[in-house]
Amino acid sequence: MTEGEVLAAAWAFLRDRYGDGPPTIVIGPAATAEYRLAWTVRFDSQEHIDTGDFTQAPMVRQLVLFKDGSLIDFTPSALNTDEGRAWFDRGVWPERLNQLTDPRVFGTVWTRQPPPWAK
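Residues numbered from 1 in each chain as written. Predicted model: local features only at pLDDT ≥ 70, side-chain atom pairs only at ≥ 80, totals over all residues. Heavy atoms only, no water.

Undergrad: Even after reading the chapter, I still don't get the layout of surface pockets, so can you show me in this structure?
TA: Regions of empty space are outlined by a rolling probe, equal in size to a water molecule, passed over the atoms. Its volume calculated, the largest pocket comes out at about 280 Å³. Gln62, Thr75, Pro76, Leu79 and Phe88 are, among the 17 residues lining the largest pocket, the residues nearest its centre. Elements with a minimum of two residues in the lining of the largest pocket: strand 3 (38–42) and helix 3 (81–90). For the lining of the largest pocket, the element with the most residues is helix 3, which contributes four residues. A per-class count over the lining of the largest pocket returns seven nonpolar, seven polar and three charged. (1 Å grid on protein atoms, 1.4 Å probe; cavity = no way out; pocket = protein on both sides within 12 Å on 5 of 7 lines; lining within 4 Å. Points joined across faces, edges and corners; volume = space filled by probe spheres on them. Helix = DSSP H or I, 4+ residues; strand = E, 2+ residues; numbered from the N terminus. Nonpolar A, V, L, I, M, F, W, Y, C, P; charged D, E, K, R; others polar.)

Undergrad: Explain the side chain of Asp44 to me, please; I cannot follow it from the model alone.
TA: With respect to the element layout, Asp44 can be found in strand 4 (residues 44–45). Residue class for Asp44 comes out buried when judged on its relative accessible area of 12%. A distance of 3.4 Å separates polar atoms of two side chains, one belonging to Asp44 and the other to Arg61. Dropping the residues within four chain positions of it, Asp44 is found in contact with Thr24, Ile25, Val26, Ile49, Ala57, Pro58 and Arg61. (Buried < 20%, exposed > 50% of the residue type's maximum accessible area, 1.4 Å probe, protein only. Polar contact = N/O pair within 3.5 Å; in protein donor to acceptor, adjacent residues only side chain to side chain. Contact = heavy atoms within 4.5 Å.)

The following block contains the structure:
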């Protein structure tokens with residue numbers, strides 16, 4: 001995936017979740033980060049940026065887009081920075097969160113198909 005493709009997918013995801021607002025979702029310059037397995041995209045609301053009022057900010061302000069197409073979603077807020085990097089770089093889901101299924105696998109329970117990255 002190119003950075004342009006990532007941004008297009010992120011915009012489509014955010015438009016689906018937030019519509020035309022409010023909140024008014026914005027993605028600033030240098031909002032993407034590339035990892036071995038995934039891209040991340042940071043975003044915010046214009047209302048939060050304009051007022052500084054934290055209650056106007058989205059609860060989670062980062063998306064993760066796995067390069068194999070297995071997941072485009074909000075980055076799980078239960079991950080700390082190191083765990084997030086391990087997940088984006090190596091696909092390692094934190095052991096301390098073993099009661100939660102890796103979100104890339106969750107949807108496969110319904111289809112009974114392995115996730116694309118496991119084939």
